[in-house]
Amino acid sequence: MRPRTIIYIFVICSVFSSRAQNTHKESSDSHQLSFENIRLEFPNIQPEVFELLDLDRKGLENVKKFYGEGNYNAAAKALLNYYKSRTFVNHPDVDLQNIRISKEEQKWADESLTHRFFAHKGYQPSLFYGEDIDWTHWPVKDNELRWQLHRHKWWSPMGKAYRVSKDEKYAKEWVFQYLDWIEKNPYMEKENPEKNNLSGKEAREIENMRFAWRPLEVSHRLQDQTWQFMYFLPSPHFTPEFLTVFLANYHRHAELILENYSERGNHLLFEAQRVIYAGAFFPEFKDAQKWRKSGIETLNNEVNVQVFNDGFQYELDLHYHLASINIFIKALRMADVNGFRSEFPQSYLDTLERMIMALIDVSFPDYTMPCFSDAKAVNKRQMVNNFKDWTTLFPENPYIQYMASEGKEGRKPDHLSKMYGDAGFYILRNGWKEESTVMVVKAGPPAFWHNQPDNGTFELYIRGRNFFPDAGSYVYGGDEEVLKERNWFRQTRVHNTLTIDGKNMEETNSTCLLWDISNNNVQKLVVENQGYPDLKHRRTIFFVDNTFFVIVDDAIGTARGDVSAHYHMSEGEMALDHKNKRLTTRYRDGNNIVVQGFSPESIQMEEEESWVSYEYRQKNRRTGFAYKTRKQSDHTTSVVTVIHPFSKKAPDITAKYLNAGNNEKGVQIALTINKQKYDLYAKW
Ligand code: MG
């Protein structure tokens, strides 16, 4: 972390003269508010704002004159008039001539009028935060619920609802909530608060501050408040006094980011992009240039730090890979519409293009992507819209065009299977169409908080169905109960990989021993990971005839215990044949697979608890099982798994590990599928 200011100060924004109790009556419109008795008195002008602005700028002459004369009211009025008529700043995200509000956004806007706030998608219906808003309300101790409350995700929908309906109730309520939030969430700086043994009110205030003022949340508000500023500016409730409060608050937000950038990862990217927004959207601030420069420098640096040479973002979570692409692009768009694109070098665009190409490769033909790590599921509509957006930045790239047009224009990538060795994503693919087969294997280097101990796992898509969706993440962090749920989904054993005694792997640092796709009939991948101090997992995958897969797992080392190769299936009815170690899916559309396990040792097929989560706090039960064998000596213990698609009758399969126990430099498997023989070997 960058050093924080070590000063012991307590800052409360003294914006308000007092709270009004049962006295405030509105006369400007006929709308009756539900919370009339807790309205705030109107704020005072914040004269310090004029010192934050460069009053020598063109258009601010009157502001400067009135401020110089000590006439703050007239200066604030002149400033508001300036912003209402300002046209030279453009915003890439808001088109005031063409505002559209979705049903969902309208709902969030309307709910907020009665203080039911859309704080988090995983906690619906929206929660009630009290007539007198309690910004510390935290019914489920999930950190995300409390952090994200302070992103005010319903405020921009309120702005859209206001513009579309012209109903002042949205503007009035937004101004009220804005002021209420400032009053109840003061920013404080404390030196090591943990050491101070604080208790009671002060401890609660500090705890709240950590949620309300986490840099990521600050940056979220920094971005979204540029939109809200545009939406609500014409309202009579957006008074000159309020403008000064808004700008003072906004300035503090931007300054705090610069002092408290997150150390790394997607948080840092978000923060940098949003200070660029701040600097570009409010160039009147004396510090605006500094913000913009800081954001651009950070992104120009991080695009090299956070993106591997192969194009993947280093958190190894495809959701954040996608988010990072869009962060980099947002910064560019803001630069484009306001004329500072040249501050980004060509290499920034080249990296961005590589990131998109990596995303195309890791996508299944239905535009979904593996839910490895903390990733959430994406859908086709969302991704097609992304690709459409990206074609405008890379109009010459035929592959992005192909994805954007759903194959109608442009060109599909010239390759099928592809390895991304830096990030450790290996894609075995036989086509780009809906009926194709695509396996994505994850076997990468160490990563950070979002990454899971799952090396060797995979997702497998065949003809429109993902037969092995990753468990997902279900929730992020929180109290013990929340963490227990998170940790269940993080376990190694709930992934399609190998464990000893069901324990989580301790190291996630795979190396690739072999990637050979030169023979189209048998493509080969060999990866290994020293997951435990005394056990290395080596996984060999054969993609045979562009149709089926043979997975050879070797548990190498001195460890003793139960070695399990786990498999977790899509939802739906499955038939388990324990005797023959065989699982058969029973989908009625005829798109089915059989999974069958073999081993030189004696193995058992055991059912395991299994869940899959595609969205936050949503989970479905599904079938999971493991091929389990006992490792009793230093000898390598092995399991061979065959995954074969079928439409009518599942094939008969036999597999024999020919060089089991003597496999340091290669594996050799004799296989029959309905009496057809295959000799498979991989050497490294
Ligand atoms: Mg996972």
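All of these numbers come straight from a predicted model, not from anything done at the bench. (Residues numbered from 1 in each chain as written. Predicted model: local features only at pLDDT ≥ 70, side-chain atom pairs only at ≥ 80, totals over all residues. Heavy atoms only, no water.)

> Honestly, the packing of aromatic side chains in this entry has me stumped. Any pointers?
Note on aromatic pairs: each is described by the distance of the centres and the angle between the planes. Summed over the entire model, instances satisfying the criterion amount to 62 aromatic pairs. For the pair F281 and F282, a centre-to-centre distance of 4.9 Å together with 90 degrees between the ring planes defines the contact as edge-to-face. Classification of F281 as buried rests on a relative accessible area of 2%. The aromatic ring of W213 is capped on one face by R221, whose charged end is 5.1 Å from the ring centroid. (Phe/Tyr/Trp six-rings, centres within 6.5 Å; stacked < 30°, edge-to-face > 60°. Buried < 20%, exposed > 50% of the residue type's maximum accessible area, 1.4 Å probe, protein only. Lys NZ or Arg CZ within 6 Å of the ring centre and 35° of its normal.)

> Just checking my understanding: could you explain the pairing of strand β20 (residues 611–615) for this structure?
Of the pairings in the sheet, the one linking β20 to strand β21 (residues 618–621) comprises three bridges and is antiparallel in character. Bridge pairing in β21 places E615 opposite Q618. In this structure, the hairpin formed by β20 and β21 is closed by a connection of two residues, where R617 is found at a positive phi of approximately 60 degrees. (Pairing = 2+ DSSP bridges. Helix = DSSP H or I, 4+ residues; strand = E, 2+ residues; numbered from the N terminus.)

> Sorry if this is basic, but what is going on with the coordination of the magnesium ion here?
Each donor-metal-donor angle in an ideal tetrahedron of four donors is 109.5 degrees, and each such angle in an ideal octahedron of six donors is either 90 or 180 degrees. Every protein donor of the magnesium ion is accounted for by Q452 (OE1), D470 (OD) and H495 (NE2), and the metal-donor separations fall at 2.0 to 2.2 Å. When the donor residues of the magnesium ion are listed from N- to C-terminus, their spacing reads Q-x17-D-x24-H. Separated by 18 residues along the polypeptide, Q452 in the loop between β7 (437–442) and β8 (457–462) and D470 in the loop between β9 (465–466) and α17 (480–490) bring together distant segments of the chain. No difference in accessibility class separates Q452 from D470, as the two residues are buried. (Donors = N, O, S within 2.8 Å, 3.2 Å for Na, K, Ca; no water.)

> In this structure, what is going on with helix α14 (residues 346–362)? I would like to understand it.
Three- or four-residue spacings in an α-helix give side chains the same orientation, since the helix completes a turn every 3.6 residues. Taking 1.5 Å per residue as the helical rise, α14 with its 17 residues ought to reach 24 Å, and the 25 Å between its terminal C-alpha atoms agrees with that figure. The buried fraction of α14 is high, at twelve of 17 residues. The set of residues buried in α14 consists of Y348, L349, T351, L352, M355, I356, M357, A358, L359, I360, D361 and V362. (Expected span 1.5 Å × (residues − 1).)

> Would you explain the environment of S102 in this entry?
Position of S102 among the secondary structure elements: in the loop between α3 (72–85) and α4 (103–112). In the structure, S102 is positioned 59 residues away from A161 in sequence and 9.6 Å away in space, judged by C-alpha atoms.

> Could you clarify how one ought to interpret the pairing of strand β14 (residues 548–556) in this entry?
Counting buried positions along β14 gives eight out of nine residues, so the element sits mostly inside the fold. Two elements, strand β13 (residues 535–544) and β14, share nine bridges in a ladder whose sense is antiparallel. What sits directly across from F543, in β14, is F549. Counting the residues between successive antiparallel strands, the hairpin from β13 to β14 contains three residues, one of them, D545, with a positive phi of roughly 55 degrees. Here seven bridges tie β14 to strand β23 (residues 637–646), and the two strands are oriented antiparallel to one another. Looking at β23, one finds that V550 is bridged to V642.

> Can you walk me through the sheet that holds β9 in this structure?
Working definition: the strands of a sheet are paired by backbone hydrogen bonds and lie parallel or antiparallel to each other. On the basis of which strands lie adjacent, the open sheet formed by five strands has the order β5-β6-β7-β8-β9 and antiparallel pairing. Of all strands in the sheet, those bounded by a partner on one side alone are β5 (418–420) and β9. Two strands pair when backbone bridges link them, and β5 and strand β6 (residues 425–429) are joined in this way by three bridges, in the antiparallel orientation. By the bridge assignment for β6, Y420 is matched with F425.

> Is there a simple way to explain the packing of α3 against helix α10 (residues 240–259) in this structure?
Taken N-terminus to C-terminus, the directions of α3 and α10 make an angle of 75 degrees; their axes are 8 Å apart at the nearest point. It follows from the interaxial angle that α3 and α10 lie roughly perpendicular. On the side of α3, the interface is formed by N73, A76, K77, L79, L80 and Y83, while α10 contributes P240, E241, L243, T244 and L247. Residues belonging to the contact of α3 with α10 are distributed by class as follows: seven nonpolar, two polar and two charged. (Axes fitted to C-alpha atoms, helices over the stretch in contact; angles between N-to-C directions. Parallel < 35°, antiparallel > 145°, perpendicular 65-115°, else oblique. Contact = heavy atoms within 4.5 Å. Nonpolar A, V, L, I, M, F, W, Y, C, P; charged D, E, K, R; others polar.)

> Looking at this structure, I do not really get the domain arrangement of the chain. What am I missing?
Note on interface size: it is often stated as the accessible area lost on association of the parts. As assigned here, the chain comprises domain 1 (1–192 + 199–260), domain 2 (264–375) and domain 3 (418–683). Of the residues lining the interface, 35 residues belong to domain 1; the matching set on domain 2 comes to 24 residues. Taking both sides of the interface into account, the surface hidden between domain 1 and domain 2 amounts to around 2700 Å²; carbon and sulfur atoms contribute 64%. At the surface where domain 1 touches domain 2, the tally comes to two salt bridges. Here R86 ties to E284 by a salt bridge, and the two come within 2.9 Å at their closest N and O atoms. Our enumeration of links across domain 1 and domain 2 arrives at 18 residue pairs in polar contact (both at pLDDT 80 or more). Secondary structure elements with two or more residues in the side of domain 1 that touches domain 2: α1 (48–52), α3, α9 (215–232) and α10. With ten residues, the top contributor of residues to the side of domain 1 that touches domain 2 is α9. Split into classes, the residues belonging to the side of domain 1 that touches domain 2 amount to 20 nonpolar, eight polar and seven charged. (Domains from an automatic or database assignment. Buried area = accessible area lost by both parts, 1.4 Å probe. Salt bridge = Lys/Arg side-chain N within 4 Å of Asp/Glu carboxyl O. Polar contact = N/O pair within 3.5 Å; in protein donor to acceptor, adjacent residues only side chain to side chain.)

> Sorry, what's going on with the confidence of the model for the chain here?
Considering every residue of the chain, the mean pLDDT works out to 92; 92% of them sit at 70 or more. In this model, residues 1–35 is a region of pLDDT below 50 whose contacts with residues beyond four sequence positions or in other chains number 71 contacts. (pLDDT = per-residue confidence, 0-100.)

> What exactly am I supposed to notice about the environment of P398 here?
By the element assignment, P398 lies in helix α16 (residues 398–404). Between the alpha carbons of P398 and K412 there is a distance of 7.5 Å; along the sequence they are 14 residues apart. The residues contacting P398, other than those within four sequence positions of it, are G410 and R411.

> Which parts of the structure should I look at to understand the nonpolar core?
Generally speaking, nonpolar side chains in soluble globular proteins are found buried as a group. Among the nonpolar cores identified, the biggest contains 153 residues, and L79, Y83, W174, F387 and W390 are the most heavily contacted of them. Here the element with the most residues in this core is helix α13 (residues 318–337); it accounts for twelve residues. (Core = buried A, V, L, I, M, F, W, Y, C linked by side-chain atoms within 4.5 Å.)

> I'm lost on unusual backbone geometry in this one. Help?
If a residue is not glycine, its phi is most likely negative; likewise, a peptide bond is most likely trans. Here the residue pair Q124 and P125 is connected by a cis peptide bond, since its omega of 0 degrees sits within 30 degrees of zero. Mapped onto the fold, P125 is located in the loop between β2 (116–117) and β3 (127–128). Within the chain, R617 stands out as a residue other than glycine whose phi angle is a positive 60 degrees. Tracing the backbone through its elements, the reader meets R617 in the loop between β20 and β21. For N674, which is not glycine, the phi dihedral falls at a positive 50 degrees. Within the fold, N674 resides in the loop between β25 (666–673) and β26 (676–683).

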